[in-house]
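Here is what each chain is made of, one letter per residue.
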Amino acid sequence: YDTKSGKQLWRWDSGDPRFDFAPGLIFPQIVGGRVYISVNKQIVALELKTGKAVWRDETFSYRKAMGRSSDSKNVYVQNREADIISLRTDLDCIGFKWRVTTPKVSMDRNATLISVVNGVVYKGTKDGWVIAVRESDGVLLWEHAFSDATINTICGDEQGNVWIGSIDGKLFKIK
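Reading the values: the criteria
- Residues numbered from 1 in each chain as written.
- Predicted model: local features only at pLDDT ≥ 70, side-chain atom pairs only at ≥ 80, totals over all residues.
- Heavy atoms only, no water.
- Helix = DSSP H or I, 4+ residues; strand = E, 2+ residues; numbered from the N terminus.
- Rg over C-alpha atoms; globule rule 2.2 N^0.38 Å.
- Buried < 20%, exposed > 50% of the residue type's maximum accessible area, 1.4 Å probe, protein only.
- Contact = heavy atoms within 4.5 Å.
- Areas by Shrake-Rupley, 256 points an atom, 1.4 Å probe, with all protein chains shown as cover.
- Lys, Arg positive; Asp, Glu negative; His and termini not counted.
- Charge placed at Lys NZ, Arg CZ, Asp CG, Glu CD.
- Core = buried A, V, L, I, M, F, W, Y, C linked by side-chain atoms within 4.5 Å.
- Pairing = 2+ DSSP bridges.
- Axes fitted to C-alpha atoms, helices over the stretch in contact; angles between N-to-C directions.
- pLDDT = per-residue confidence, 0-100.
- Phe/Tyr/Trp six-rings, centres within 6.5 Å; stacked < 30°, edge-to-face > 60°.

1. Here's the deal with the overall build of the protein chain
Okay, so step 1: In terms of regular secondary structure, the protein chain is built from zero helices and 15 strands.
Okay, so step 2: Computed over the C-alpha atoms, the radius of gyration of the protein chain is 16 Å, within 12% of the 16 Å expected from 2.2 N^0.38 for a compact globule of 175 residues.
Okay, so step 3: For the protein chain, with 175 residues in total, the buried portion stands at 44%.
Okay, so step 4: For the protein chain, long-range pairs separated by at least 24 residues make up 39% of all intrachain contacts whose partners lie at least 6 apart in sequence.
Okay, so step 5: Accessible surface computed for the protein chain: about 9400 Å², of which carbon and sulfur atoms make up 52%.
Okay, so step 6: Of the side chains in the protein chain, 25 bear a positive and 21 a negative charge, and the two mean positions are spaced by 2 Å.

As structure tokens, this is what we get:
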């Protein structure tokens, strides 16, 4: 939408007739003039100005968890098996940088923002786990259960600490 006139500039429809239980739970990432979204088990790259799809991919049954690398050269997504996947943003087709499998978390459908703090990619799960992956090469650093409830917030502060919040009201700090 145009911010001054309110006129709709473009609209995109996934074209997928399957019902999606949580269409509002997406975390679009805007990088390099494109919008990256995970919807209906696919990743789509759209031109920001026109809304036209540049590419789409359904290889890994993607879920609604997304984030952006600290240098904006990659976007992070999660698949059904809880793998975290790094996708390149400098291509006109799908391009994978790395994919990490999480041995302790075998399946997750948590719609959440994937966060990066101090070169580490963090992803929270619906069952209270946090997964930490080295941003540069996708090495799994650790997986830890912080709660029995969904992890809904992971962020960093000015001192480089990581804060983890869960929907059962717990707050954790990692130095």
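2. A look at the side chain of Ser 86
Okay, so step 1: As for its position among the elements, Ser 86 is in strand β7 (residues 84-88).
Okay, so step 2: Under the relative-accessibility criterion, Ser 86 is labelled buried at 0%.

3. Topic: the nonpolar core
Okay, so step 1: Counting residues in hydrophobic clusters, the biggest one holds twelve residues: Val 31, Tyr 36, Ile 43, Ala 45, Trp 55, Phe 60, Tyr 62, Met 66, Val 75, Val 77, Ile 85 and Leu 87.
Okay, so step 2: The set of elements that each furnish at least two residues to this core consists of β3 (42-47), β5 (62-68), β6 (74-79) and β7.
Okay, so step 3: With sequence-adjacent residues up to four places away left out, Ala 45 is seen in contact with Arg 34, Val 35, Tyr 36, Lys 52, Ala 53, Val 54 and Trp 55.
Okay, so step 4: Core analysis: the next-biggest nonpolar cluster, separate from the first, contains eleven residues, Ala 65, Ala 82, Val 121 and Val 133 among them.

4. A look at the sheet that holds strand β4 (residues 53-57)
Okay, so step 1: With antiparallel pairing, four strands are arranged side by side in an open sheet as β1-β2-β3-β4. Every interior strand has two partners, whereas the edge strands, β1 (29-31) and β4, have only one. Each adjacent strand pair in this sheet contributes to an overall mean axis angle of 20°, direction not counted.
Okay, so step 2: Inspection of the sheet shows strand β2 (residues 34-39) paired to β3 by six bridges, in the antiparallel sense. Across the sheet, residue Val 39 finds its bridge partner in β3, namely Gln 42.

5. A look at the confidence of the model for the protein chain
The predicted coordinates of low-pLDDT regions are not to be read in fine detail.
Okay, so step 1: Across the protein chain, pLDDT averages 91, with 96% of residues at or above 70.
Okay, so step 2: Mean pLDDT values for the elements of the protein chain range from 90 in β5 up to 97 in strand β14 (residues 162-166).

6. Considering the packing of aromatic side chains
Okay, so step 1: Following the criterion strictly, the structure yields seven aromatic pairs and no others.
Okay, so step 2: The interplanar angle of 85° and the centroid separation of 6.1 Å between the aromatic rings of Phe 60 and Tyr 62 together place this pair among those described as edge-to-face.
Okay, so step 3: What makes Phe 60 buried here is its relative accessible area of 18%.
Okay, so step 4: Overall, Tyr 62 belongs to the buried group, its relative accessible area being 1%.
Okay, so step 5: Relative to Phe 146, the ring of Trp 142 has its centre 6.2 Å away and its plane inclined at 55°; by these criteria the two rings are tilted.
Okay, so step 6: Trp 142 sits in the partly exposed class, given a relative accessible area of 28%.
Okay, so step 7: An aromatic cluster of at least three residues, connected via ring pairs, comprises Tyr 122, Trp 142, Phe 146 and Phe 172.

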